[in-house]
Each structure stands twice: as structure tokens, then as C-alpha cells.
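Given next are the chains, with one letter for each unit.
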Amino acid sequence: MNAITRLAAVISLASLLPLHATAAGNGTVEVLHWWTSGGEAAAVQTLKAQVEKDGFTWKDNAVAGGGGAAAMTVLKSRAVAGNPPAAAQIKGPDIQEWGALGLLTELDEVSTANNWDTLLPAKVADIMKYDGHYVAVPVNIHRVNWLWINPQVFEKAGAKVPTTLDELFTAADQLKAAGFQPLAHGGQPWQDSTVFESLVLAMLGPKGYHAAFVDLDENTLTGEPMIKVFQTLQRLGGYMDPNRAGRDWNIAAAEVINGKAGMQIMGDWAKSEWTAAGKVAGKDYQCVAFPGTQGSFTYNIDSLAMFRLKDDNDIKAQNDLAKVALEPQFQTVFNQNKGSLPVRQDMDMSAFDACTQQSAKDFKVAEQGDGLQPSMAHNMASSLAVQGAIFDVVTNFLNDPKADPAKAVKQLNSAIKSAK
Ligand code: GAL
């Protein structure tokens, strides 16, 4: 056999082999996500370990950048090139858009065999289904409307944990007077809008929040109460570091953990950083509902959407990932690290810390009435186009301390209209 025929034989043999076959012949699952902070990486590690324990290969595709905008850009270009990963973190209404493109796979076998319909709250199950079939698996429920507090810093400043917006400003003044950064914050659009949506929830209530971000109601978006939200946002901006541009959320969290700043307005993935730093909830730090939002719960459900694959072994690996993600042991360890609530409804919550237990109680209360609302800043309330329009207006506003709130609401409304 000459060199050419030998090469042809190798190529034709290779074409018979599965694309990602490992030495053992087991499949590979490539997972695209943006969990790169210390605490979140530890959480991902628990998923990887479980998939590997089941004999599959985990290919990590972590795209740094809180909130996931950079990860979404990578995902889109991979999909356009016809080479999407097996699983990607896609959330909320965006799952429907990917489903409509015909790129997602139906998880009928694994979802039926593992009773997902009974394990998951109906509201969550609906988000995960496209055309009646599961195409994504949820891993947790994050709560966005939290305020994280360093009690030692508060004590030094003589400040009291705020329960109203007025008390929040009083505490911020005391922290400032005592030489601390009152609010740790990173100037990134999704972080700015995380603060903005909590203010909307506090000042417009859950019904007003829904009208603004789900119904995109013009009167709500442009009315006097929304102008007041922007005024308050501007005032809050005065307690943030003016050099905050581009700062990652976990760096801001570290400022509170290290006692440089007193508070952070952030979802409960912030807890993953406290946990990774060995701090104990209720003792070394406090979590309270963002002032004025007690009884409400803005949810952010992390989920892995599954793409169509060709290779049988890789499909097995993908199904294993989907199965593992909802197993009780994984739900406990992952969420202990991630700061979120388990998405399964039948979990023993005694293994969780005070903040997560509080979150579980608040979820139940919010669920009874209007309090349970999808997070706009975390892709749960609208299309990504509408979200992007809101991000732009909010960030431009916050970056200009002289911006006019009355103008901002008009800009908000017209930006949303053209993105719809
Ligand atoms: C959210 C995501 C969280 C967390 C956060 C910060 O969108 O749902 O899991 O990663 O971004 O990056």
C-alpha cells in the first residue's frame, strides 16, 4: 500500500468514527456557559464531575462575561457556522427563538423517564418546552431582587439594614461618611439594569413591573412613576464608584466581602462568591430583599438548551447531562455553590444556608399572588432585542449624572418600540 492509498484508507476509516469519539468510545458533551467567577466555576465543576463519573467526556466552553452577552455572541456564530455545542445556557423566551430555528433537540425520552413534568413547577416546565417538548433542562432558580450586606462595615458606619428605599439612602450616607464605598457596582449594561429592575419592582410594585417589562405598556414606561424610578437610579448612581466602568460583578462582590464597600445590589449568584470565600450567611454577611420589594421575587432560571447532534455516543452524553442536571444530589451540591434555589420542588432545604432557605420561603409567598416576576435583566421577561434596547437606555442614563429622567423614559419607550 503506497502512502496515498494508506492516507485514503485512514480518511475513510475516520469518516466511519463518531466525530468526538474518546478512546473508550464514550461520547462527549460540549457545554457553553458563562460561569467563570470563582464561585460559579466551582458550581460548574460539580456538573462536570457527575458527567465524567458517568463515563462521558466534558468539553468546557466557558465564555467569560457576566450576564452572558459575550457567550450569546459566540453561540450565534457557532450556530451560523453549523457547529453549535451540545448544550448552551439559553434562558427564558430566547429558548422559543432557538426552538423556532429548528436547532434544538427534543428531550422526550429523558424527560418522560425522569418525570420532569411532576418534578418541575408548571411555570418552569413551560419555559423549557418548545412546541410541547422539552428542549432545555433547568438547573436552578436565582432570585434577582437581593441586597448583599457586610454587617461589620455597617456596624463601623453605625448603619442599619435598610428595608425601605429611604432607609437605603440613609445607610448609604452613613457608609459614605464613614469612608466606605456605599454601593459596590460594576459599570456593565446588565449590572446597571439589574439595579434598574429592582428599583422598578420597589417603586411600581410587581404589577407595574409586569406592565413595564412583560407587557411593555407605553403608559407604564413613560408615566410619572417611571420618571421617579430614573430619578432614584440617578441618585443611587451617586453612591457607586465613578470608576466602575467594565468592572465584573464578582470584583464588586469582593469589595463588599473585603470590607471596602458596604452593599451590593445583585442576584443571588453573588452568594457564590461569599461561599467560595468561606463566609457564612447570616453571620459574615446578610442577604435581604432589595428594599421595598419584600414579598416579591424576580426569578432567573438558568437552563441548558440542547442542540441537535448526529453522533449516537454524543447524544448519549447529552442525555446524561440532561438527566444528571435534575438529580437531587446534583441539585443540592450545585445550588449550594451557585447561590440559587434547587429547581426541583421536592428537595430537603435543610442542607441549604439561611439565605437560600429565605429565598425558598419568599418564592412560595410570591407565587401565591403577583409577586413572582421574570427578571428583565436576566433574559426572562422579553426577547433579547427588547432587553438590549432597555440596557442601552439605562446604561447611557446612568453614565451621565446630568441626564434628564423625563427624557430617559421617552427614549426607553421608543427604543423598546423599535426593538419589538
Ligand atoms: C446571569 C446568570 C447567572 C449568573 C449571572 C452573572 O444571567 O443567570 O447564573 O451567571 O448572570 O454572570
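First, a word on scope: everything that follows refers to the structure included in this document. Given the structure is predicted, the values throughout are model-derived calculations rather than measurements.

Cut-offs and rules
- Residues numbered from 1 in each chain as written.
- Predicted model: local features only at pLDDT ≥ 70, side-chain atom pairs only at ≥ 80, totals over all residues.
- Heavy atoms only, no water.
- Helix = DSSP H or I, 4+ residues; strand = E, 2+ residues; numbered from the N terminus.
- Buried < 20%, exposed > 50% of the residue type's maximum accessible area, 1.4 Å probe, protein only.
- Polar contact = N/O pair within 3.5 Å; in protein donor to acceptor, adjacent residues only side chain to side chain.
- Disulfide = S-S within 2.5 Å.
- Axes fitted to C-alpha atoms, helices over the stretch in contact; angles between N-to-C directions.
- Left-handed = near helix turned anticlockwise from the far one by under 90°.
- Contact = heavy atoms within 4.5 Å.
- Nonpolar A, V, L, I, M, F, W, Y, C, P; charged D, E, K, R; others polar.
- Near = heavy atom within 4 Å.
- Areas by Shrake-Rupley, 256 points an atom, 1.4 Å probe, with all protein chains shown as cover.
- 1 Å grid on protein atoms, 1.4 Å probe; cavity = no way out; pocket = protein on both sides within 12 Å on 5 of 7 lines; lining within 4 Å.
- Sits in = over half its atoms within 2 Å of the grid points.
- Domains from an automatic or database assignment.
- Core = buried A, V, L, I, M, F, W, Y, C linked by side-chain atoms within 4.5 Å.
- Pairing = 2+ DSSP bridges.

This paragraph deals with the environment of asparagine 26. Along the polypeptide, asparagine 26 turns up in the loop between α1 (3-16) and β1 (28-33). Overall, asparagine 26 belongs to the partly exposed group, its relative accessible area being 30%. From its side chain, asparagine 26 meets the backbone oxygen of glycine 55 in a polar contact 2.8 Å long.

Applying the stated criterion to the full structure yields 1 disulfide. The disulfide bridge from cysteine 287 ends at cysteine 355, spanning 2.2 Å between sulfur atoms. Residues cysteine 287 and cysteine 355 are joined through a disulfide that is left-handed, its torsion about the S-S bond being -115°. Of the two residues, cysteine 287 sits in strand β11 (residues 286-289) while cysteine 355 sits in helix α17 (residues 354-368), which places them 68 residues apart along the sequence. A single burial state applies to cysteine 287 and to cysteine 355, both of which are buried.

Look at helix α12 (residues 224-237) against helix α19 (residues 405-419): their axes get within 8 Å of each other, and the N-to-C directions meet at 120°. α12 and α19 meet at a crossing whose hand is right-handed. The segment α12 lies against α19, with Met226, Ile227, Phe230, Gln231 and Gln234 engaging Pro405, Ala406, Ala408, Val409 and Leu412. Partitioned by chemical class, the residues of the contact of α12 with α19 number 8 nonpolar, 2 polar and no charged.

On to the site of the ligand. By nearness alone, 15 residues border the ligand, and Glu40, Lys91, Asn300, Asp302 and Lys338 come closest of all. In this structure, an oxygen atom belonging to the ligand sits 3.0 Å away from a side-chain N or O atom of tryptophan 35. Lysine 91 places a polar side-chain atom, nitrogen or oxygen, 2.8 Å from an oxygen atom of the ligand. For the ligand, whose accessible area on its own is 300 Å², the fraction buried by protein is 100%. With respect to the detected pockets, the ligand is housed in the largest cavity. Split by residue class, the shell around the ligand holds 5 nonpolar, 6 polar and 4 charged. Among the domains, domain 1 (3-139 + 300-351) and domain 2 (143-299 + 360-419) are the pair contributing at least three residues each to the shell around the ligand.

In this structure, Phe196, Met226 and Phe230 are the most contacted members of the largest nonpolar core, which totals 71 residues. Top element by residues in this core is helix α10 (residues 189-213). It accounts for 11 residues. Beyond its immediate stretch of four places on either side in the chain, phenylalanine 196 contacts Phe213, Met226, Val229, Phe230, Leu233, Met376, Ile390, Val394 and Leu412. Core analysis: the second largest hydrophobic core is formed by 60 residues, Val29, Trp35, Phe297 and Phe307 among them.

As a further point, take the sheet that holds strand β8 (residues 146-149). Taken together, the 4 strands give an open sheet; going across it, the order is β9-β10-β8-β11, and neighbouring strands pair in mixed fashion. The open sheet terminates on both sides in strands that have one partner only, identified here as β9 (181-184) and β11. Ignoring strand direction, the axes of neighbouring strands in this sheet form an average angle of 25°. In this sheet, strand β10 (residues 261-265) lies alongside β8 in antiparallel orientation, the contact comprising 3 bridges. Within β10, the position partnered with isoleucine 149 by the bridge is methionine 263. The strands touched by helix α9 (residues 165-177) within the sheet are β8, β9 and β10, with β10 carrying the most contacts at an inclination of about 145°.

Before going further, it helps to spend a moment on helix α13 (residues 249-257). Burial analysis of α13 places 7 of its 9 residues in the buried class, the great majority of the element. The complete set of buried residues in α13 reads Trp249, Asn250, Ala252, Ala253, Glu255, Val256 and Ile257. Just past α13, the residue glycine 259 takes up positive phi, approximately 80°.

In short, geometric facts, not functional conclusions.
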